[in-house]
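Next come the chains, spelled out residue by residue.
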Amino acid sequence: MTTRVWDYLPEYRNEREDLLDAVETVFGSGQLVLGASVRGFEAEFAAWHGLDHCVGVDNGTNAIVLGLEALGVGPGDEVVTVSNTAAPTVVAIDAVGAVPVFVDVREDDYLMDTDLLEAAVTDRTRAIVPVHLYGQCVDMDAVLRVARDHGLAVLEDCAQAHGARHRGRTAGTMGDAGAFSFYPTKVLGAYGDGGAVVTRDPDTDRALRRLRYYGMEETYYVVDTPGHNSRLDEVQAEILRRKLTRLDAYIEGRRSVARRYEEALSDLAAPDGLVLPRTTPGNEHVHYLYVVRHPRRDLVLKELLRHDIALNISYPWPVHTMKGFRHLGVGEGALPVTERLAGEIFSLPMYPSLPPDLQDRVIEALREVLAGL
Ligand SMILES: *Cc1c(COP(=O)(O)O)cnc(C)c1O
């Protein structure tokens, strides 16, 4: 059988009873939409972050859409972010009518190069969306400094960084709001789609609640400003409540998978060979993805396929080079680090329930392929 980077079935086998009980709880509750499970999850996810407010939404993309709208971003505004991200970050900025503006990423941790932020700000800039990519945080002190100097909103894209910490602060608690995805592969994953926005600001919380509910107050059937239907599903919320109690253990599981890779592969690490992920000082990594880098990436992946190992690239095409965003006029060569990375990175299997024998198979195959290059 072909080895893939992610599989939820080992977790499902471990947690089946609890997950099915979650479904039973909702089906038997008498309320299928915005009921006790969504309310409970929102309170518990906010508390897990030491915050008072969390609004459950239908997915991570709409968490960014609603987050931006709640922070006052609209048509024509510029939003500074990165091109080395999952396309939905940028799709969400586009969806509110705003114009994405990209800064390059750093060579060492592949995250937003905050030294480039200041130069990207114009009179039309309204917000910054730092992406805590692969499971570790952007240098938020630098982001917040630029935001404060120019009066910009900060929406953290936390879709890959549940529980990641930066100088003691948790992803999602540093900016004006934090947008989360609970897509099944994520560090906290549902059994379907889900998302949330956390904030410490009660007005942002109220705006988000209206925006996810057509633009109405939940108890009052009048729309002042049209919104969306972006509610978190009650069944997914109950599953997420159960899984939130295990989030620390999931993160610990990911860290031990990462340590095993590190121990088994660090002797191969070299600037012109295999480059392993680096945790930036001050960061606590949650290893959503284990992204390595090799100058002959395509050949390595092809050889691994012959060992029945199919690996992913996250992401093979920088967003600014995609047809849907070429109208932004960001030419090839404008983001050199981002563009170089896209040709060299690939991801090793990473999830907390990754069977050790499977991980060993990947390590052995990778060592063999690299030795034979
Ligand atoms: C997964 C992801 C999203 C989108 O989340 P969905 O729930 O799939 O809509 C946004 N940004 C990043 C960085 C992601 O990884």
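See above for the structure.
Residues numbered from 1 in each chain as written. Predicted model: local features only at pLDDT ≥ 70, side-chain atom pairs only at ≥ 80, totals over all residues. Heavy atoms only, no water.

Enquirer: Is there a simple way to think about the overall build of the protein chain in this case?
Expert: Of the regular secondary structure elements, the protein chain holds 12 helices and 14 strands. Here the protein chain has a C-alpha radius of gyration of 21 Å; the compact-globule value for 373 residues is 21 Å, and the two agree. The 373 residues of the protein chain split such that 54% are buried. For the protein chain, restricting intrachain contacts to residue pairs at least 6 apart in sequence, the fraction spanning at least 24 positions comes to 70%. With the model as given, the accessible surface of the protein chain reaches about 15,900 Å², and the carbon-plus-sulfur share is 50%. (Helix = DSSP H or I, 4+ residues; strand = E, 2+ residues; numbered from the N terminus. Rg over C-alpha atoms; globule rule 2.2 N^0.38 Å. Buried < 20%, exposed > 50% of the residue type's maximum accessible area, 1.4 Å probe, protein only. Contact = heavy atoms within 4.5 Å. Areas by Shrake-Rupley, 256 points an atom, 1.4 Å probe, with all protein chains shown as cover.)

Enquirer: How do you make sense of unusual backbone geometry when you look at a structure like this?
Expert: Peptide bonds are mostly trans, and most non-glycine residues show a negative phi. In this structure, Tyr315 follows Ser314 across a cis peptide bond, with omega equal to 15 degrees. Relative to the helices and strands, Tyr315 is located in the loop between α10 (297–306) and α11 (336–342). Although it is not a glycine, Tyr110 adopts a positive phi angle of roughly 65 degrees. Looking at the element boundaries, Tyr110 is found in the loop between β3 (99–103) and α5 (117–120).

Enquirer: For this particular structure, what's the right way to read the site of the ligand?
Expert: The environment of the ligand is made up of 14 residues, and the closest members are Gly60, Thr61, Gln160, Ser181 and Lys186. Thr89 is positioned with one of its side-chain polar atoms (N or O) 3.4 Å from a nitrogen atom of the ligand. At 2.8 Å, a side-chain N or O of Gln160 approaches an oxygen atom of the ligand. In the complex, 91% of the free accessible area of the ligand, which totals 380 Å², lies under the protein chains. A molecule is said to occupy a pocket when more than half its atoms come within 2 Å of that pocket's grid points, and by this definition the ligand occupies the largest pocket. Among the secondary structure elements, those contributing two or more residues to the shell around the ligand are α3 (60–70) and α4 (87–95). (Near = heavy atom within 4 Å. Polar contact = N/O pair within 3.5 Å; in protein donor to acceptor, adjacent residues only side chain to side chain. 1 Å grid on protein atoms, 1.4 Å probe; cavity = no way out; pocket = protein on both sides within 12 Å on 5 of 7 lines; lining within 4 Å. Sits in = over half its atoms within 2 Å of the grid points.)

Enquirer: What's the story with the packing of α3 against helix α7 (residues 202–211) in this structure? I'm lost.
Expert: What describes two packed helices is the angle between their axes and the distance between those same axes. At a closest axis distance of 9 Å, the pairing of α3 and α7 adopts a crossing angle of 125 degrees. Relative to α7, α3 is oriented oblique. Handedness of the crossing formed by α3 with α7: right-handed. Contacts between α3 and α7 involve Leu66, Gly67, Glu69 and Ala70 on the former and, on the latter, Thr204, Ala207, Leu208 and Leu211. Partitioning the contact of α3 with α7 into residue classes produces five nonpolar, two polar and one charged. (Axes fitted to C-alpha atoms, helices over the stretch in contact; angles between N-to-C directions. Parallel < 35°, antiparallel > 145°, perpendicular 65-115°, else oblique. Left-handed = near helix turned anticlockwise from the far one by under 90°. Nonpolar A, V, L, I, M, F, W, Y, C, P; charged D, E, K, R; others polar.)

Enquirer: Is there a simple way to explain the packing of aromatic side chains in this structure?
Expert: The relation between two aromatic rings is expressed through the spacing of the ring centres and the mutual angle of the planes. For the coordinates displayed, the defined rule picks out 10 aromatic pairs. Ring plane angle 85 degrees and centroid distance 5.0 Å describe the contact between Phe45 and Phe180, whose orientation is recorded as edge-to-face. In this pair, Phe45 sits in helix α2 (residues 36–48) while Phe180 sits in strand β8 (residues 177–181), placing the two residues 135 residues apart along the sequence. On the basis of relative accessibility, which here comes to 0%, the residue Phe45 falls in the buried class. Ring pairing ties together the aromatic residues Trp6, Tyr8, Tyr12 and Tyr191, which thus form one cluster. (Phe/Tyr/Trp six-rings, centres within 6.5 Å; stacked < 30°, edge-to-face > 60°.)

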